[in-house]
Amino acid sequence: MDLALQLLHLQALQLSGAVGQFRNRQLVFTYEISPTPMSRTYRLQLTFQQGGSPEVRVLSPNIAELGSGHGTIPHLYERAHPVKLCLYLPSTGEWHAGKIIAHTLIPWSAEWLFYFEAWLATGEWSGGGEHPQPKAEKKKKKNNKGIGTKV
Amino acid sequence: MDSLEQSGNSVTLRESLAAHLLGRVADTIDITASQYERAKTSYETVGKVVTNSADPRLSTAKVFPQGSFAIGTVIRPIDKEDGEFDVDLACRLTASPHTLEPAEAKRLIGKQLSNDGRYAEKLEEKARCWRVNYEGDFHLDVCPLVSAGTSDAIPDKQLSRWVLTHPEAFAGWFNVLANKARTRVLAEDSVMKAEVVPFPDDGGDKGWLRRVVQLMKRHRDMWCQEAKQHADFAPISIILTTLAAKAFQREAASGRESSNPYALMKRIITGMADAVEQRNVQGAIQWWVASPVANENFANRWNEDSRWPLAFFAWHQEALASLQQLTVVSGLDSAQPILEKSFGANASKKAITIYAQDMAASRSNGGLRFAAAGAGLTSAVTASASIAVPRHTFFGE
């Protein structure tokens, strides 16, 4: 799916503060999201190069600052502001070039922010997920047993 | 006519989520269904033990729950979240208050219980009742009761005389109202497929009146710990319960639409202060929280010491303020300290965790939606444009 079509889908979401542009054959799409009515409004930026993997960063507020004192923030590729979010398992088909970014990464970014706020509140990440293992490890380790577990 | 759908009104959406979280808090401070069943089985057994006697006053006696257990508003104690909860039982002996002394009535019951091997170890004597302890679970307080015409009578605290009481009538009155306070009971399926309300919760089977009473009792317990000057005069549970029910009664009579649980809760809590009466009794103004089923003033102590009404109105102001604060937070993590202050750290964190786990479960079973302009992430289809959130796995360090 080409960049122009991806952008069309993104614009169709009618997200608040949405600005999309092409820079050096890269799609840069900035948008605002509030995962729940009681959540903050976050400003995020998606970048996507044809043939590459889409990346999402949080421009504001400063996630690293919000999370400081709470321990290691789960599921980030880059921890310095603006943090880069890990939203899918690479090489599994959760994301591939035929997918519509607007229907995958955008709602996934909303989810990440939701679980982030819940994690700040409770110390638990309830969104599930996995961590990359050192090469020696064969077993997959779940970050937490969030889904379906009794509290 | 659902304003959520039409305007995506962010205030209403905030309120809806606040109500949802409060419902989750109420869930966590309540006893579980199996605890309820265990308590019920126990008191039925206790009833059999008490009536297993040749003494006709006992053989035809009836043991039945009174207080919060009878009306579905039991809450866990705050000091220990897994601490024992109270079950108040009445044992109505077949005797007249004129011929049976309160102390003797209590002794008769105690003898039955202590003679039974199962209870001898668990028995603890209290001022006017016998406590059967089920360690780590609950305790049953068995209180003697006799019939006095159209009323019942229980011993006063000194066991010196009988005082009139109306446990069954009160429970009956409350339960009728409480059952009206259920809004639509939404089944899981309908919520995820077609319902418009993005935060699908109502009081469930309990109904919002019971939940408000539970939340307010716990709020009062937490408030007492902070407002130490008021702690000894904190509003007693029968008063909180009666005022909430009266406020709801007025609300129900007003014909206002009650499908917005937050608005309903707010009106009930606000109305609790309005339901406190001031009556002119022979030239003197008296505080009255009148029993709905008898000519009895639950707030008679307020007229003996003004620290009682003072504490009530101070508490009430706090309760309303907490409710309000919940709707202006920016970030779920900002809601947490408000819930914690009001209901306890454990209840607060559990409520938010359950909310988050439900969101994750929705994603797993394909029911999670994202509505950019409106409710955000929900497990319901809303009329405003929403997209399904595909399954995925968070990754990274």
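Residue numbers here run from 1 along each chain, matching the order of that chain's written sequence. Each chain takes a letter, starting from A, and each ligand takes a number, starting from 1, following the order in which they are written. Only residues with pLDDT of 70 or above have their local features reported here, since the model is predicted, and side-chain atom pairs are shown and tallied only from 80 upward, although totals for entire chains, interfaces and linings are computed over all residues.

Structural notes on the overall build of chain A
Numbering of helices and strands runs from the N terminus, with a helix taken as a DSSP run of H or I at least four residues long and a strand as a DSSP run of E at least two residues long. When helices and strands are counted, chain A shows three helices and six strands. Along its sequence from the N terminus, chain A presents helices and strands in the succession α-β-β-β-β-α-β-β-α. In this scheme the burial state of a residue depends on its C-beta neighbours within 10 Å: 20 or more other such atoms mean buried, 12 or fewer mean exposed, and anything in between means partly exposed; the C-beta positions come from the backbone. Taking all 151 residues of chain A together, 41% fall into the buried category. Here the analysis covers contacts within chain A between residues at least 6 apart in sequence; of these, 38% occur between residues at least 24 apart. Working definition of a contact: two residues with C-beta atoms, positioned from the backbone, lying within 7 Å.

As for the overall build of chain B
Helix and strand counts for chain B stand at 15 helices and twelve strands. Counting only residues that meet the buried cut, chain B has 47% of its 397 residues in that class. Across chain B, every contact between residues at least 6 apart in sequence was considered, and the portion connecting residues at least 24 apart equals 63%.

Topic: the interface of chain A and chain B
Contacts between the two partners involve 45 residues from chain A and, on the opposite side, 37 residues from chain B. Residues were grouped as follows: Ala, Val, Leu, Ile, Met, Phe, Trp, Tyr, Cys and Pro as nonpolar; Asp, Glu, Lys and Arg as charged; and all remaining residues, including Gly, as polar. Its residues assigned to classes, the side of chain A that touches chain B shows 24 nonpolar, 15 polar and six charged.

Concerning the domain arrangement of chain B
Residues and elements named next belong to chain B. These domain limits were set by an automatic method or by a database of domain assignments. With domains assigned, chain B is organised as domain 1 (3–27 + 174–366) and domain 2 (33–165). Of the residues lining the interface, 16 residues belong to domain 1; the matching set on domain 2 comes to nine residues. Those elements that provide at least two residues to the side of domain 1 that touches domain 2 are α8 (167–180), α10 (208–226) and α11 (237–254). If one sorts the elements of the side of domain 1 that touches domain 2 by residue count, α10 sits on top with seven residues. Classifying every residue of the side of domain 1 that touches domain 2 gives five nonpolar, six polar and five charged.

A look at the nonpolar core
The biggest cluster of nonpolar side chains holds 146 residues, and the ones touching the most others in it are B:C91, B:L209 and B:A244. Per element, the largest residue contribution to this core is 13 residues, and it comes from helix α3 (residues 105–122) of chain A. Nonpolar cores are built from buried Ala, Val, Leu, Ile, Met, Phe, Trp, Tyr and Cys residues. These are joined into a set through C-beta atoms within 7 Å.

Let's talk about the packing of helix α14 (residues 332–343) of chain B against helix α15 (residues 345–364) of chain B
Residues and elements named next belong to chain B. Here an angle of 0 to 180 degrees is reported between the N-to-C directions of two axes, which are lines fitted to C-alpha atoms, with helices fitted over the stretch in contact. Axis separation between α14 and α15 bottoms out at 7 Å; the angle between their running directions is 145°. Crossing of α14 against α15: the hand is right-handed. Contacts between α14 and α15 involve L332, Q336, L339, E340 and F343 from the first element and A345, A347, S348, A351 and I352 from the second. Among the residues making up the contact of α14 with α15, the classes are represented as seven nonpolar, two polar and one charged. Throughout, a crossing is termed right-handed when the near helix is turned clockwise from the far one, and left-handed when it is turned anticlockwise from it by less than a right angle.

Considerations on the sheet that holds strand β11 (residues 376–378) of chain B
If you trace the three strands from one edge of the open sheet to the other, you get β11-β10-β12 (chain B), paired in antiparallel fashion. Lying at the two open borders of the sheet, with one neighbouring strand each, are β11 and β12 (387–388) of chain B. Paired strands are those between which DSSP finds at least two bridges. Pairing of strand β10 (residues 369–371) of chain B with β12(B), which is carried by two bridges, proceeds in the antiparallel orientation. Bridge pairing in β12(B) links B:F370 to B:I387. Of the strands in this sheet, β10, β11 and β12 of chain B are in contact with α3(A), which crosses β11(B) at around 80°.

Quick notes on helix α13 (residues 307–325) of chain B
In a helix, the anticipated span is given by 1.5 Å times the number of residues less one. Between its first and last C-alpha, α13(B) extends 27 Å over 19 residues, near the 27 Å set by a 1.5 Å rise per residue. Tucked inside the fold, the buried residues of α13(B) contact α10 and α12 (261–274) of chain B.

Details of unusual backbone geometry
Residue and element names in this part refer to chain A. Following S60, the chain continues to P61 via a peptide bond in cis, the omega torsion being -10°. By the element assignment, P61 lies in the loop between β4 (55–60) and α2 (63–67). At the junction of H81 and P82, the peptide bond is cis and its omega measures out at 0° in the coordinates. Looking at where P82 falls in the secondary structure, it is placed in the loop between β5 (76–78) and β6 (84–85). One non-glycine residue, N24, lies in positive phi territory at about 50°. Structurally, N24 is set in the loop between β1 (19–23) and β2 (26–33). Even without a glycine there, the phi angle at S91 is positive, about 55°.

Thoughts on the packing of α10(B) against α14(B)
All names here are of chain B. The N-to-C vectors of α10 and α14 enclose an angle of 85°; their axes lie 6 Å apart at closest approach. Compared by their axis directions, α10 and α14 come out roughly perpendicular. Contacts between α10 and α14 involve L215, R218, H219 and M222 from the first element and K341, S342 and F343 from the second. Each residue belonging to the contact of α10 with α14 can be placed in one class, and the counts come to three nonpolar, two polar and two charged. Throughout, the term roughly parallel applies to angles under 35 degrees, roughly antiparallel to angles over 145, roughly perpendicular to angles from 65 to 115, and oblique to all others.

Overview of the pairing of strand β8 (residues 277–281) of chain B
With zero of five residues buried, β8(B) is to be regarded as a mostly surface element. Hairpin geometry of β8(B) and strand β9 (residues 284–288) of chain B is characterised by an intervening segment of two residues between the two adjacent antiparallel strands and by a positive phi of about 50° at B:Q282.

Points about the confidence of the model for chain B
Residue and element names in this part refer to chain B. For chain B, mean pLDDT is 88; residues scoring 70 or higher make up 89% of the total. The pLDDT value tells you how sure the predictor is about a given residue, anywhere from 0 up to 100. Of the regions scoring below 50 in pLDDT, residues 1–8 engages in 16 contacts with residues more than four places distant in sequence or in other chains. Confidence drops under pLDDT 50 across residues 184–203; counting only partners more than four residues distant or on other chains, this segment forms 51 contacts. The ipTM, which scores confidence in the relative placement of chains, is 0.87 for this predicted complex, and the corresponding pTM is 0.89.

A short note on α12(B)
All names here are of chain B. Along its 14 residues, α12 runs 20 Å from first to last C-alpha, staying within 8% of the 20 Å computed at 1.5 Å per residue. Every buried residue belonging to α12 is among P261, Y262, L264, M265, R267, I268, I269 and M272, and all of these are buried. Turning to α12, the residues buried within the fold contact α2 (10–29), α10, α11 and α13.

Digging into the pairing of strand β5 (residues 138–148) of chain B
Residues and elements named next belong to chain B. Pairing analysis gives nine bridges linking strand β2 (residues 85–93) to β5, with the strands arranged parallel. For V87, the partnering residue across the bridge sits in β5 and is L140. Relative to β5, strand β4 (residues 130–134) runs antiparallel, the two being bridged by five bridges. Considered in β5, the bridge of N133 is made with H139. A loop of three residues connects β4 with β5, the two strands running antiparallel in sequence, and G136 in this loop sits at a positive phi of about 75°. Where β5 and strand β6 (residues 151–155) come together, three bridges link them in antiparallel fashion. Residue S147 lies in a different strand from β6, and its bridge partner there is D152. The loop that links β5 with its antiparallel partner β6 comprises two residues; one of these, G149, has a positive phi angle of about 70°.

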